[in-house]
Amino acid sequence: MNDDQTSCPVTTDIGRAATALRDGQVVAFATETVYGLGANALDRNAVARVFEVKDRPHFDPLIVHVASDEWLNQLVRDVPEPARQLAHEFWPGPLTMVLEKTDLVPDLVTSGLSSVAVRMPSHPQARELLRQVDLPIAAPSANPFGQLSPTSAAHVAETLGSRIDLILDGGSCDVGIESTVILLTEEQPCLLRHGGVTQERIEAVIGPVQTRQSSSGESAPSPGMLPQHYAPRTPLILNIEADADRLADLRVGVLSLRPIATPFEPTAIETLTTDGDLRTATAGFFAAMRRLDQAGLDVIVAWPFPDEGLGRALNDRLARACHVDRIAR
Ligand code: TXA
Ligand code: MG
């Protein structure tokens, strides 16, 4: 998995991971969306290490994971009716709800906000881990800040293995992109991040929701909406920005939903599905991006997804991964 001798142990022993978390250690674990970098949410020192390990700016708050309503009720002041309905429909699962926090939640976790993001994951191993720990676990995605999210234990080991205490291996993540984040502290629910539960499914339960466009810097309503995020190191552009003549002399990688014909000769091709099924595409998205990023390419050209359902979440990740300014010219 990783030849680096300084890399942390990888285990499938849930009890060992639970003990490490209770001891204030930083443990990566699988969820159905992506791997999380977990720490006891009530332990400021452990949470501080999560920010440090990820090089994450302190203005970007963490999601707190729970296994039960008992913990939810200790973390938030109130569960308004739409939140109740969404929890009933989508928990455990890839939905994160932002609610008014109680004083129990350290300000470090929420970057000083009066709200806290809470999620009840559905991955059986994560559920059992949370049950055994019996504490709320703060966990951002287990990648260095701004980089591609990990969907396997090997992905975590590659980038953070030498900086953390333990990796709990739970296989590959089924959903494959992060949870949907919805703000429920205001009169009108507001979708802050497209993710594993589609906007269409949410609106079928609570009616129309607002969506917030990405903004830059500290004014971002959800800092994960920063324009550049989820990015490979290799420059990535959308096919509509690609000029076939300019690509002729470059090593080009292609990422697409279905098999496609390209007006240039690609060096590497990642076709996510044969039939266009968006669930399959989502499950394989970050791993495919990572393979392309490791293929020694000059540029990755991505074909946008249909702008509906999970396709919106994938387009959002693509848009944030684009950095036209860095393309080799
Ligand atoms: O699927 C997921 O959500 C994964 C797994 C591990 O659960 N976690 C994850 O965490 O993606 P992270 O830190 O990469 O993304 C958390 C997002 C960020 O966009 C952050 O700004 C937002 O949630 N967030 C957290 N607390 C918030 C709050 N109080 N108000 C608004 N946005 C918040
Ligand atoms: Mg993240």
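The present account deals with the structure reproduced in this document. (Residues numbered from 1 in each chain as written. Chains lettered and ligands numbered in written order. Predicted model: local features only at pLDDT ≥ 70, side-chain atom pairs only at ≥ 80, totals over all residues. Heavy atoms only, no water.)

1. Concerning the overall build of the protein chain
Note the following rule: Put simply, DSSP marks the helices as runs of H or I at least four residues long and the strands as runs of E at least two long, and each gets a number from the N terminus on. Just to be clear, the radius of gyration here is over C-alpha atoms, and the globule rule we use is 2.2 Å times residues to the power 0.38. Only protein chains enter the accessibility calculation, which uses a 1.4 Å probe; a residue is then buried when its area is under 20% of its type maximum, exposed when over 50%, and partly exposed in between.
On a plain count of helices and strands, the protein chain comes out with 11 helices and 15 strands. A compact globule built from 329 residues would reach a C-alpha radius of gyration of about 20 Å, and the protein chain, at 19 Å, matches this within 12%. The principal-axis extents of the C-alpha atoms in the protein chain amount to approximately 60 × 50 × 35 Å. When each of the 329 residues of the protein chain is scored for burial, the buried share is 57%.

2. A short note on the packing of helix 4 (residues 81-90) against helix 8 (residues 199-206)
Quick reminder of the rule: Axis definition: a line fit to C-alpha positions, over the contact stretch in the case of helices; interaxial angles, taken between N-to-C directions, run 0 to 180 degrees. For classification purposes, an angle smaller than 35 degrees is called roughly parallel, one larger than 145 roughly antiparallel, one from 65 to 115 roughly perpendicular, and anything else oblique. Each crossing is labelled by how the near helix is turned from the far one, with a counterclockwise turn of less than a right angle marking it left-handed and a clockwise turn marking it right-handed. Contacts between residues were defined by any pair of non-hydrogen atoms, one from each residue, lying within 4.5 Å. Residue type decides the class: Asp, Glu, Lys and Arg count as charged, Ala, Val, Leu, Ile, Met, Phe, Trp, Tyr, Cys and Pro as nonpolar, and the leftover types, Gly among them, as polar.
Running from amino to carboxyl end, helix 4 crosses helix 8 at an angle of 125°, the nearest separation of the two axes being 10 Å. Put simply, helix 4 runs oblique to helix 8. The two elements helix 4 and helix 8 meet at a crossing, and its hand is right-handed. Where helix 4 abuts helix 8, its residues Pro82, Gln85, Leu86, Glu89 and Phe90 lie against Arg201, Ile202, Val205 and Ile206. Among the residues forming the contact of helix 4 with helix 8, the class breakdown is 6 nonpolar, 1 polar and 2 charged.

3. Quick notes on the packing of aromatic side chains
Note the threshold: Any pair of Phe, Tyr and Trp rings, taking the six-membered ring for Trp, is counted once the centres come within 6.5 Å. Such a pair is stacked with planes under 30 degrees apart, edge-to-face with planes over 60 apart, and tilted for the rest.
Considering all chains together, one arrives at 2 aromatic pairs under this definition. The interplanar angle of 70° and the centroid separation of 6.1 Å between the aromatic rings of Phe285 and Phe305 together place this pair among those described as edge-to-face. Here Phe285, found in helix 10 (residues 278-293), pairs with Phe305, found in the loop between strand 15 (299-302) and helix 11 (310-321); they are 20 residues apart in sequence, far enough to count as distant. Three or more aromatic residues joined by ring pairs make a cluster, and in this case those are Phe285, Phe286 and Phe305.

4. Topic: the sheet that holds strand 9 (residues 180-183)
Applied cut-off: Strand pairing requires that DSSP identify at least two bridges connecting the strands.
In space, the 11 strands of this open sheet follow the order 1-8-2-3-7-4-6-5-9-10-11, with mixed pairing throughout. Of all the strands in the sheet, the pair left with one neighbour each is strand 1 (10-11) and strand 11 (210-211). Looking at chain direction, strand 4 (residues 63-65) and strand 6 (residues 115-119) are connected through 3 bridges and run parallel. Within strand 6, the residue paired with Val64 across the bridge is Val118. Most of the contacts of helix 4 go to strand 5 (residues 95-100), to which it runs at about 155°, and overall it touches strand 5 and strand 9. Relative to strand 9, helix 8 is tilted by about 35°, and along the sheet it contacts strand 5, strand 9, strand 10 (190-193) and strand 11.

5. Focus: the nonpolar core
Using the following cut-off: Among buried residues, the Ala, Val, Leu, Ile, Met, Phe, Trp, Tyr and Cys ones that are joined through side-chain atoms within 4.5 Å form a nonpolar core.
Core analysis: the largest hydrophobic core is formed by 66 residues, its most contacted members being Met97, Ile164 and Ile202. Those residues within four positions of Ile202 in sequence are excluded, and the remaining contacts are Leu86, Phe90, Leu95, Thr180, Ile182, Leu191, Val197, Gly207 and Val209. Counting 26 residues, the second largest nonpolar core, distinct from the first, contains Leu278, Ala281, Leu310 and Leu314.

6. Quick look at the site of ligand 1
Just so we agree on the cut-off: One heavy atom within 4 Å of a molecule or strand makes the whole residue count as near it. Under this definition, polar contacts are N or O atom pairs within 3.5 Å; protein pairs additionally need one hydrogen-donor-capable and one acceptor-capable atom, and for neighbouring residues in sequence, both atoms have to be side-chain atoms. Under the convention used here, a 1.4 Å probe and the Shrake-Rupley method define accessible areas, while residue burial counts only the protein chains that appear.
By nearness alone, 26 residues border ligand 1, and Thr33, Arg56, Asp60, His65 and Ser179 come closest of all. A distance of 3.1 Å separates an oxygen atom of ligand 1 from a polar side-chain atom of Arg119. Arg193 places a polar side-chain atom, nitrogen or oxygen, 2.9 Å from an oxygen atom of ligand 1. Calculation on ligand 1 without its partners gives an accessible area of 680 Å², and the protein chains cover 98% of this total. Secondary structure elements with two or more residues in the shell around ligand 1: strand 4, strand 6 and strand 10. The biggest single contributor to the shell around ligand 1 is strand 6, with 3 residues.

7. Quick look at helix 8
Short version of the rule: Note that the arc is computed from the directions linking the helix axis to the C-beta atoms.
When we look at burial in helix 8, the residues that qualify are Gln199, Ile202 and Ile206. On an axial view of helix 8, the arc spanned by its buried residues comes to 65°, and they lie on one face. Immediately downstream of helix 8, the backbone of Gly207 shows phi near 85°, a positive value.

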